[in-house]
Amino acid sequence: MEFLSLREVIEKKPREVKIRGWVYRIRKLKNKIFIVLRDSSDILQCVVEKEKFGKEIEKIEIESSLIIEGKTREEKRAPNGVEIDVSKIEIVGLSKDFPISKFQSTELLLDYRHLWIRSRRLTEIMKIKSSLLKFSREFFLERGFYEVTPPIITASACEGGATQFEIKYFDEKAYLNQSAQLYLEALIFSLEKVFSITPSFRAEPHRTSRHLAEYWHIEPEVAWMDFNELLKLEEEFISYICQKIAENNEKELKFIGRDPEDLFKVKPPFPKITYDEAIEKLKKLGIKISWGKDLRTIEEEKLTQGLNKPLIVTHYPREIKAFYMKDDRKNPKVVLCNDMIAPGYGEIIGGSERETDIEILKEKLLKAGEDLKNYEWYLDLRRYGNIPHSGFGAGAERILRWICKLDHIRDAIPFPRTLRRKYP
Ligand code: NSS
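Residues numbered from 1 in each chain as written. Predicted model: local features only at pLDDT ≥ 70, side-chain atom pairs only at ≥ 80, totals over all residues. Heavy atoms only, no water.

**Student:** Any chance you could break down helix α11 (residues 358–367) for me, citing the residues and the numbers?
**Tutor:** Those residues of α11 not exposed but buried are I358, I360, L361, K364 and L365. Along the axis of α11, the buried residues cluster in a sector spanning 160°; they form a single face. Exposed and oriented more than 90 degrees from the buried face of α11 are L366 and K367. Contacts made by the buried residues of α11 are with α12 (376–383). (Buried < 20%, exposed > 50% of the residue type's maximum accessible area, 1.4 Å probe, protein only. Helix = DSSP H or I, 4+ residues; strand = E, 2+ residues; numbered from the N terminus. Arc of directions from axis to C-beta. Contact = heavy atoms within 4.5 Å.)

**Student:** Describe the nonpolar core, and please don't skip the residues or the numbers.
**Tutor:** Among the nonpolar cores identified, the biggest contains 47 residues, and F237, I238, I245, I399, W402 and I403 are the most heavily contacted of them. Secondary structure elements with two or more residues in this core: α4 (120–142), β10 (193–201), β11 (214–223), α6 (227–248), β14 (337–342), β15 (346–353), β16 (389–395) and α13 (396–404). Examining the composition of this core, we find that eleven residues originate from one element, α6, more than from any other. In contact with W402, other than residues within four places in its own chain, are I238, C242, R258, V266, P310, A342, P343, Y345 and I348. (Core = buried A, V, L, I, M, F, W, Y, C linked by side-chain atoms within 4.5 Å.)

**Student:** Help me get a handle on the sheet that holds strand β2 (residues 32–38), residues and values and all.
**Tutor:** If you trace the five strands once around the closed barrel, you get β1-β2-β3-β5-β4, paired in mixed fashion. The mean angle between the axes of side-by-side strands here comes to 55°, regardless of whether they run parallel or antiparallel. Bridging between strand β1 (residues 16–28) and strand β4 (residues 65–74) involves seven bridges; their strand directions are antiparallel. Paired with E16 across the strands is K71, a residue of β4. (Pairing = 2+ DSSP bridges. Axes fitted to C-alpha atoms, helices over the stretch in contact; angles between N-to-C directions.)

**Student:** So what about the packing of aromatic side chains? Which residues, and what values?
**Tutor:** Taken as a whole, this structure holds 16 aromatic pairs when the rule is applied. Judged by centre distance (5.3 Å) and plane angle (20°), the ring pair of F140 and F237 falls under stacked. Of this pair, F140 sits in helix α4 while F237 sits in helix α6; the two residues are 97 residues apart in sequence, bridging distant segments of the chain. In this pair, the class of F140 matches that of F237, namely buried. A ring pair is formed by Y275 and W291, whose centres lie 5.7 Å apart and whose planes are at 85°; its orientation type is edge-to-face. Of the two residues, Y275 is situated in helix α9 (residues 275–284) and W291 in the loop between α9 and α10 (297–304); the sequence distance between them amounts to 16 residues. Through a chain of ring-to-ring contacts, the aromatic side chains of F139, F140, F145, F195, F237, Y240 and F392 assemble into a single cluster. Cation over ring: R120 sits above Y24, and NZ or CZ is 5.9 Å from the ring centre. Taking NZ or CZ as reference, R143 lies 5.6 Å from the ring centre of Y240, over its face. (Phe/Tyr/Trp six-rings, centres within 6.5 Å; stacked < 30°, edge-to-face > 60°. Lys NZ or Arg CZ within 6 Å of the ring centre and 35° of its normal.)

Structure follows, in structure tokens:
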């Protein structure tokens, strides 16, 4: 007999089945043991009549791994309405005193993260993340982008030296990349439309619910693309992800308490305001903020209150943004950039048209205290066949956190790396 997944058993209800998995719940009565088995697909209740088996079965506990054969029976009281009357049981791996029981502290669950990722909630979230990555790739590939593999180890800072992780690189210093962008910019001169999905690293000493020290970064870069076309690409990307996940992950979304209908509504156009307008609006709402200050979480929350899709804020002051963003030639105090802000969850995308003027780039790099030597290769891109171009970066865990309405970003990644945690 071939093994069936628990979902296949629930859907097809064949008379005789052979299944395998881990004990999710167990209830030992005088004559019977009720085992709820789990595998990657679902959970299923199995009933063991003690008298048919030896003493061995008393050793079965939460998270023991089992192979079971038996007959299916409809049973309204069982989860998913099907139950297995067990005829054969093999203990593959015991699980004595599984360290996680009900009502554990957050810290303990993080210490046992390697075991806690078996929980159903995290399992369903990881399935949605798999879809997020798959549909991100699909979106770009369908539009003629090439997937490329930029380096992780680098000598130049993309998002400012202050938040780079330094590493020992043979006898020299190097850094873990904060963004693939500068390398993607080099790659568009041959491939024109590229994207990468890589880990990015930020040594940000923030203890917030939206910062990870290591996160997965989805970044496209496009030759000849201007700022308005970029905003369109961002909207289409986010909408595509939402539609596809709503279609394909209904079961998982419902399990974690997210209504797929909300995601279907995330369609272009998204509301857009300039930074100037945002400041005016915030002032009218009674918030003390002056022009030139970056928007903080509370301001982002105020701006997105009541929205059912993300808000795009454009044209931030050049002083608070990265060196590579293009000065707005009509108003050089601001740059052609945008943040996309998800209601209640903050920034999920940062994008910009890139500066093409080599002198402006040099001026900004020097002002930021960078050594131009490390950027000569990047400046070469402006020297040889310079073109207008744009791109954006989206944090996979930020998007997932918003889609799944997670309290904390750490649940959007199996092994979170945060200010105080690199174990397990
Ligand atoms: O710093 S960004 O706003 N922009 C860049 O890195 C550009 N160089 C990307 C590009 O244009 N190719 O980061 C982009 C996104 C941001 O909107 C978040 O969604 C995510 O990366 N991000 C993070 N996610 C999790 N944790 C941290 N610390 C984090 N920082 C940024």
